[in-house]
Amino acid sequence: MGYYIRVLGLDTRSFTTEDLDEIKGIIMKNEGIDFDYQINGQNEDGSLKGFIIKNMKGEDIADVSIDRKQGNLLDEEIEEFKEDIKEYVSQKNYEWLGNYLDKVEIIYAFQVLNKGFEPKNWDIIYALHNTIWNGVGGIWQADESQFSNEDGSVIMADWEASKWTDAKNTQVALLNDDNTWDTFEIKSEKDFLRFIAG
């Protein structure tokens, strides 16, 4: 099935080739990273259904699909997420995430291909993923049941069987009673257990 990272957004704007070219320019200007792409389908309104990310050698490193609310695929993905998420952290985080998933309008799903795991190629994927997330907002998701809040802090993760060092330096957040986020970085086993306990 492959490894996926995703952006789950509330924005209903179309994502076009012009948007992708603009993002390409931003990444080149800010990070000095260049890449190429191949369009993989368009909707009638000109918005993209998906695209392949290529490094400058022409190698495919990620397959990106864009699923919008009017498509059944997005609804199926959301239902799968809701079935998969468990109360790994806290009841408040769990409820917040479930409510947020009900409002998602668009998903950018990055399937990382074999070449994508090479360090320089991963940098391309990560930069594109983050630039899209910063542009459209929303939350991000990664396989292994990791979800963020809108600030990018991890709020859900299946780390119960993990060592605390696996999560070291990760920024996490727990939802307070007043619906504000208590954000902190995992620097020790105590921080890790605090997050797991919720």
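Placed above this text is the structure.
These numbers were taken from a predicted model, which means no experiment stands behind them.

*Asks:* Tell me about the pairing of strand β10 (residues 181-185), and please be specific about residues and values.
*Replies:* Looking along a regular strand, one sees side chains alternate from face to face of the sheet. Judged from the 5 bridges that link them, strand β9 (residues 171-175) and β10 form a sheet pairing that is antiparallel. Looking at β10, one finds that V172 is bridged to F184. Between β9 and the antiparallel strand that follows it, β10, lie 5 residues; N179 among them carries a positive phi value of about 65°.

*Asks:* Residues and numbers for the pairing of strand β6 (residues 139-142), please.
*Replies:* Covered by surrounding structure in β6 are I139 and Q141 together with W140 and A142, the residues of both alternating faces. Summarising the sheet, strand β1 (residues 3-9) and β6 pair through 4 bridges and their orientation is antiparallel. Along β6, the bridge assignment pairs V7 with W140. Here β6 runs beside strand β7 (residues 146-148); their pairing, made up of 2 bridges, is antiparallel. The residue bridging A142 from the neighbouring strand is Q146, located in β7.

*Asks:* Before we move on, could you go through helix α4 (residues 119-136) and cite the residues and values that matter?
*Replies:* Between its terminal C-alpha atoms α4 stretches 26 Å, which fits the 26 Å expected from 18 residues at 1.5 Å a residue. N121, I124, I125, A127, L128, H129, N130, T131, I132 and W133 are the residues of α4 that are buried. Next to the buried residues of α4 lie β1, α1 (17-31), β3 (50-54), β4 (60-68), β5 (106-112) and β6. Just downstream of α4, G137 is the residue with a positive phi angle, here 80°.

*Asks:* Pulling in residues and values, what's your account of the environment of I26?
*Replies:* By secondary structure assignment, the location of I26 is in helix α1. Note on I26: relative accessible area 34%, which makes it partly exposed. With 43 residues separating them in the primary sequence, I26 and K69 have C-alpha atoms 27 Å apart. Setting aside chain neighbours within four positions, we find I26 in contact with E31 and T131.

Procedures and definitions
Residues numbered from 1 in each chain as written. Predicted model: local features only at pLDDT ≥ 70, side-chain atom pairs only at ≥ 80, totals over all residues. Heavy atoms only, no water. Pairing = 2+ DSSP bridges. Helix = DSSP H or I, 4+ residues; strand = E, 2+ residues; numbered from the N terminus. Buried < 20%, exposed > 50% of the residue type's maximum accessible area, 1.4 Å probe, protein only. Expected span 1.5 Å × (residues − 1). Contact = heavy atoms within 4.5 Å.

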